[in-house]
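Observations on the model geometry
This is what each chain is made of:
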Amino acid sequence: MKGTFGRTVRLGVHSLLLHKLRSVLTTLGVTFGVSSVIAMLAIGEGAAKKAQDQIRQLGSQNVIMRSVKPPDDVVSGRETTRISSYGLTDSDFLRASTTFPGVKRAIPVRQLQQEVRLGMRALNPRVLATVPQYIQVTGRPLSEGRFLSDEDERRVSNVCVLGYEVARFLSPFESTVGQEIKIGPDYFTCVGVLLPRVPLGSDQPQPGADVTGELFLPLETGRKWFGDVQVKIRSGSRDMEEVQLHEVIVEVESPDNVLLVASAARHMLASQHKQKDYEVVVPLELMRQAEETARTWTIVLGAIAGISLLVGGIGIMNVMLATVTERTREIGIRRALGAKKRHITTQFLVECVILSVGGGILGVGLGLLIPLYVEKNYDLPAIIKATDPLLAFGISALIGIVFGLYPAWRAANMDPVEALRHE
Amino acid sequence: MAERAQAEKVAELTRVTRHYKMGTNVVRALDEFSFSFAKGEYWSIMGSSGSGKSTLLNILGCIDRPSSGSYRVRGQEVSTLDDDELSNLRSRDIGFVFQSYNLIPQLNVLENILVPLFYQDDPPPDGEERATKLAERVGLGSRLEHRPMELSGGQQQRVAIARALVNDPAIVLADEATGNLDSKTALEILDLFDELHAEGKTILLVTHERTVGQRAERTLRLRDGKIDEVLENRTGVKA
Ligand SMILES: Nc1ncnc2c1ncn2[C@@H]1O[C@H](COP(=O)(O)OP(=O)(O)OP(=O)(O)O)[C@@H](O)[C@H]1O
Ligand SMILES: [Mg+2]
């Protein structure tokens with residue numbers, strides 16, 4: 001039986017090779033269908049994973065309150081110097097840590113506008129003044145050294161921790177731990193370096209910062225040296241900004257309470273602030289949204305892939321019906337020589353499956369190239385699961401069977417005498 | 001004809017009718033036809049066009065069924081068999097040779113000869129050997145790998161004959177087997193049939209040509225789906 005099947009397959013290949021161009025053209029529909037399935041799965045999976053990773057970095061159990069500069073009410077043509085005061089306050093932070101229900105802890109973060117320099121190299125990263133618990137709340141892993149400590153906070157020490165990108169920029173080949181980093185006018189000892197992280201979509205580079213990257217100082221140290229007022233030089237005007245806190249990260253005890261805390265935060269801020277100089281970011285909500293978006297995309301792409309597979313299947317069926325008519329005489333001969341109906345059915349089904357699986361294999365190849373191309377040129381990660389090609393293979397075999405059944409049935413049920421008489 | 005009654009009946013038709021309905025008309029291609037062919041006989045079947053020769057051959061070859069009447073192959077009643085059983089019977093007991101050779105173009109000579117075995121439920125293990133021997137026998141031993149397109153008409157018909165013999169059938173049925181060949185090639189094919197007959201094969205050969213028909217042992221003449229006459233061919237060339 002195995003030998004028979006092998007011979008049937010070989011025979012199918014022979015028959016298909018008699019019309020090479022036609023066979024190849026016939027497989028194209030399935031090729032494109034399958035490649036879009038593969039590409040869709042890979043890109044969809046990659047995009048979903050990227051979104052999830054970004055959001056997870058924010059912490060799914062966190063609620064983040066941020067200062068947002070309200071829109072300028074006056075735009076003057078002249079050079080001006082003025083102080084705008086906005087954003088989260090220390091009392092917002094206090095309320096968050098004491099009055100919200102189910103809060104584990106709240107972390108204040110200040111962002112400073114300072115140049116960072118080591119030797120000849122200088123850059124403007126996000127300089128963040130925060131407390132030691134920051135690393136637990138955000139779950140950022142350390143690359144070397146240590147993070148800020150309670151001791152640093154108490155002593156208001158001049159220490160800093162560098163983000164990976166900043167460390168590599170300042171000192172490409174040597175460790176920065178133990179080195180004196182100049183931040184603004186003062187020197188700080190580097191005590192640790194963090195691991196790099198996936199760039200966050202929501203992290204817009206701050207105006208004036210030419211490299212995205214971070215540097216951490218103890219909160220009190222930051223306040224002591226740099227105060228609350230920052231100077232920003234922008235398009236000819238000098239803006240003085242007074243912001244007490246740039247971010248408050250609230251860690252919630254249990255994931256069930258995240259949405260509750262989020263609404264408490266929104267209420268509290270709405271009642272305390274005259275203008276909307278804040279935003280509340282809830283990673284959990286974003287995650288849900290991202291999942292929703294990913295699902296929508298999967299449905300859309302899946303529908304497109306489905307349609308192209310359908311078209312591919314119909315193409316195969318069309319060609320097979322023509323082939324059956326063309327080979328009526330061959331069918332008659334085989335029947336006269338003892339072929340049963342099922343032999344004829346199998347023969348044509350096998351040809352359909354060879355066509356569709358052939359198309360499927362080409363499609364997998366093409367489908368693996370598309371994500372690679374997209375990944376390279378559009379900065380979208382693509383994740384190819386080992387099961388995807390198998391799935392595509394299965395789908396294409398199924399298409400061959402489904403769309404081959406009718407032509408094969410037609411072939412098997414021809415009257416042998418009529419078929420033999422066919423020209 | 002006394003000795004005929006003794007021989008084993010390979011194919012036995014009793015009051016077989018095959019009619020075609022053409023609108024209100026009914027064409028009786030075979031009309032209450034009764035006859036039997038015995039083992040080892042070599043018959044030619046003749047008659048004017050439309051007399052029912054092909055219809056008879058198709059029924060004998062089990063690719064067509066009688067509208068009524070009984071047909072037995074080696075004692076086995078055919079009218080009660082289903083499609084698969086009929087196919088089995090064809091692959092075991094029938095050898096077909098057609099006017100237009102009817103080889104399968106995508107298969108080579110050896111593969112074409114093997115087709116009937118391919119469809120047997122349990123094919124003999126020595127199929128390839130047998131096919132190769134038959135190819136040698138019909139003079140195509142050196143052409144096993146060739147495709148039908150690469151052979152002359154006579155060579156193709158030889159392959160077709162080898163194919164008709166590969167399953168060692170009870171009857172070899174040939175419908176105008178020499179009809180497409182020039183007379184010299186036709187004679188070679190007829191010589192081959194003579195040899196087969198000498199080996200004891202049962203052969204039924206449909207033909208229009210008297211000279212061809214006379215090569216057989218006996219001739220069955222049809223007219224309007226009935227037996228017209230039965231002739232002994234004393235002139236039959238037989239070594
Ligand atoms: N499929 C069919 N439908 C209708 N009538 C048919 C069919 N096949 C055969 N016939 C009729 O049956 C009769 C016998 O046909 P058959 O083919 O057996 O003749 P034949 O003796 O082989 O003729 P020829 O020498 O021309 O081959 C003819 O009248 C033919 O028209
Ligand atoms: Mg005829």
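Rules of the game
- Residues numbered from 1 in each chain as written.
- Chains lettered and ligands numbered in written order.
- Predicted model: local features only at pLDDT ≥ 70, side-chain atom pairs only at ≥ 80, totals over all residues.
- Heavy atoms only, no water.
- Core = buried A, V, L, I, M, F, W, Y, C linked by side-chain atoms within 4.5 Å.
- Buried < 20%, exposed > 50% of the residue type's maximum accessible area, 1.4 Å probe, protein only.
- Contact = heavy atoms within 4.5 Å.
- Phe/Tyr/Trp six-rings, centres within 6.5 Å; stacked < 30°, edge-to-face > 60°.
- Lys NZ or Arg CZ within 6 Å of the ring centre and 35° of its normal.
- Axes fitted to C-alpha atoms, helices over the stretch in contact; angles between N-to-C directions.
- Helix = DSSP H or I, 4+ residues; strand = E, 2+ residues; numbered from the N terminus.
- Left-handed = near helix turned anticlockwise from the far one by under 90°.
- Nonpolar A, V, L, I, M, F, W, Y, C, P; charged D, E, K, R; others polar.
- Buried area = accessible area lost by both parts, 1.4 Å probe.
- Salt bridge = Lys/Arg side-chain N within 4 Å of Asp/Glu carboxyl O.
- Expected span 1.5 Å × (residues − 1).
- Polar contact = N/O pair within 3.5 Å; in protein donor to acceptor, adjacent residues only side chain to side chain.
- Domains from an automatic or database assignment.
- Near = heavy atom within 4 Å.
- Areas by Shrake-Rupley, 256 points an atom, 1.4 Å probe, with all protein chains shown as cover.
- Pairing = 2+ DSSP bridges.
- Bend = angle between axes of the 7 residues up to and from the residue.
- pLDDT = per-residue confidence, 0-100.

1. Some remarks on the nonpolar core
- The biggest cluster of nonpolar side chains holds 69 residues, and the ones touching the most others in it are Leu60(B) and Tyr71(B).
- In this view, Leu60(B) contacts Ala11(B), Leu13(B), Phe37(B), Tyr71(B), Ile94(B), Leu173(B) and Leu204(B); residues no more than four positions away in its chain are not counted.
- Membership of the second largest hydrophobic core comes to 38 residues, among which are Leu123(A), Cys160(A), Val161(A) and Leu162(A).

2. Quick word on the packing of aromatic side chains
- One pass over the structure, following the stated rule, counts 10 aromatic pairs over all chains.
- On the basis of an interplanar angle of 85° and a centroid distance of 5.8 Å, the ring pair of Phe37(B) and Trp43(B) is categorised as edge-to-face.
- Its relative accessible area of 1% is what places Phe37(B) among the buried residues.
- When its relative accessible area of 0% is taken as the criterion, Trp43(B) is described as buried.
- Taking the centre distance of 5.3 Å and the plane angle of 10° together, the rings of Phe96(B) and Phe98(B) count as stacked.
- Overall, the relative accessible area of 4% leaves Phe96(B) in the buried class.
- Following the ring pairs from residue to residue traces out a cluster consisting of Tyr134(A), Phe147(A) and Phe216(A).
- The cationic tip of Arg121(A) hangs over the ring face of Phe169(A); the distance from NZ or CZ to the ring centre is 5.6 Å.
- Taking NZ or CZ as reference, Arg168(A) lies 5.4 Å from the ring centre of Tyr164(A), over its face.

3. Considering the packing of helix α4 (residues 109-118) of chain B against helix α6 (residues 153-165) of chain B
Residues and elements named next belong to chain B.
- Following both chains from N to C, one finds α4 and α6 inclined at 35°, their axes separated by 7 Å at the closest point. Where α4 crosses over α6, the handedness of that crossing is right-handed. Where α4 approaches α6, its residues Val109, Asn112, Ile113 and Pro116 are matched on the opposing element by Val159, Ala162 and Arg163.
- Its residues assigned to classes, the contact of α4 with α6 shows five nonpolar, one polar and one charged.

4. Points about the interface of chain A and chain B
- With 26 residues of chain A at the contact, the number on the chain B side is 24 residues.
- Taken together, the two surfaces of chain A and chain B that pack against each other cover about 2,300 Å², and 58% of this comes from carbon and sulfur.
- At the surface where chain A touches chain B, the tally comes to two salt bridges.
- Taking the shortest distance from any N to any O, the salt bridge between Asp121(B) and Lys340(A) comes out at 2.9 Å.
- Elements with a minimum of two residues in the side of chain A that touches chain B: α1 (2-17), α10 (328-336), α11 (341-378) and α13 (416-421) of chain A.
- Residues belonging to the side of chain A that touches chain B are distributed by class as follows: nine nonpolar, seven polar and 10 charged.

5. Observations concerning helix α7 (residues 183-198) of chain B
Residues and elements named next belong to chain B.
- For α7, which comprises 16 residues, the first-to-last C-alpha distance of 22 Å matches the rise-based estimate of 22 Å (1.5 Å per residue) to within 8%.
- Buried residues belonging to α7 abut β3 (42-47), α5 (127-137), α6, β7 (171-175), β8 (203-206) and α8 (210-213).
- Structurally, the start of α7 carries an N-cap: the backbone nitrogen of lysine 184 is 3.1 Å from a side-chain oxygen of aspartate 182.
- Once α7 finishes, glycine 200 follows within two positions and takes phi at roughly 100°, a positive value.

6. Overview of the domain arrangement of chain A
- Parsing chain A into structural domains produces domain 1 (2-54 + 289-421) and domain 2 (69-276).
- Using C-alpha coordinates to define each centre, domain 1 of chain A is positioned 55 Å away from domain 2 of chain A.

7. Section: the site of ligand 1
- Around ligand 1 sit 15 residues, and of these Ser49(B), Gly50(B), Lys53(B), Ser54(B) and Thr55(B) come closest.
- Around ligand 1 the close residues trace back to chains A and B.
- Between ligand 1 and the protein, one listed contact pairs an oxygen atom with a side-chain N or O atom of Ser54(B) at 2.7 Å.
- When the free accessible area of ligand 1 is taken as 630 Å², the share hidden by the protein chains comes to 72%.
- Take the shell around ligand 1: its biggest share by element is three residues, from helix α2 (residues 53-60) of chain B.
- Its residues placed into classes, the shell around ligand 1 shows four nonpolar, eight polar and three charged.

8. Here's the deal with the pairing of strand β2 (residues 25-38) of chain B
Residue and element names in this part refer to chain B.
- With 10 bridges joining them, strand β1 (residues 9-22) and β2 adopt antiparallel strand pairing. By the bridge assignment, histidine 19 is partnered in β2 with arginine 28.
- The loop that links β1 with its antiparallel partner β2 comprises two residues; one of these, glycine 23, has a positive phi angle of about 65°.

9. A word on helix α2 (residues 20-58) of chain A
Residue and element names in this part refer to chain A.
- End to end, α2 covers 56 Å across 39 residues, agreeing with the expected 57 Å (1.5 Å per residue, within 8%).
- Along α2, the sharpest change in direction is near 30° and occurs at leucine 28.
- Once α2 finishes, glycine 59 follows within two positions and takes phi at roughly 95°, a positive value.

10. Quick word on the sheet that holds strand β9 (residues 218-223) of chain B
All names here are of chain B.
- Ordered by their spatial adjacency, six strands build an open sheet running β6-β7-β8-β3-β9-β10, and the pairing between neighbours is mixed. In this open sheet, the two edge strands, each paired with only one partner strand, are β6 (94-97) and β10 (226-232). Direction aside, the axes of adjacent strands within the sheet are offset by 20° on average.
- The pairing of β9 with β10 spans six bridges and is classified as antiparallel. Residue pairing for β10: arginine 218 is matched across the bridge by glutamate 232.
- In the packing of α7 onto the sheet, contacts are made with β3, β7 and β8, and the angle to β8 comes to roughly 155°.

11. Observations regarding the packing of helix α9 (residues 283-326) of chain A against α11(A)
Residues and elements named next belong to chain A.
- Where α9 contacts α11, the two axes come as close as 11 Å, and the packing angle between them is 145°. Remark: the crossing between α9 and α11 carries right-handed chirality. In this structure, α9 contributes Ile316, Met320, Thr323 and Val324 to the contact, and α11 contributes Phe348, Glu351, Cys352, Leu355 and Ser356.
- By residue class, the composition of the contact of α9 with α11 is six nonpolar, two polar and one charged.

12. Let's talk about the sheet that holds strand β5 (residues 76-77) of chain B
Residue and element names in this part refer to chain B.
- The strand order across the open sheet built from four strands is β2-β1-β4-β5, with neighbouring strands paired in antiparallel fashion. Either end of the sheet is taken by a strand with one partner, and the two such strands are β2 and β5.
- α2 contacts β1, β2 and β4 (68-73) of the sheet and is inclined by roughly 125° relative to β1.

13. Thoughts on the confidence of the model for chain A
Residues and elements named next belong to chain A.
- In this model, chain A carries a mean pLDDT of 84, and residues with pLDDT of at least 70 account for 91%.
- When mean pLDDT is compared element by element in chain A, α10 scores highest at 95, while strand β12 (residues 229-234) scores lowest at 65.
- A low-confidence stretch, residues 200-211 (pLDDT under 50), is modelled with 18 contacts involving residues beyond four sequence positions or located in other chains.

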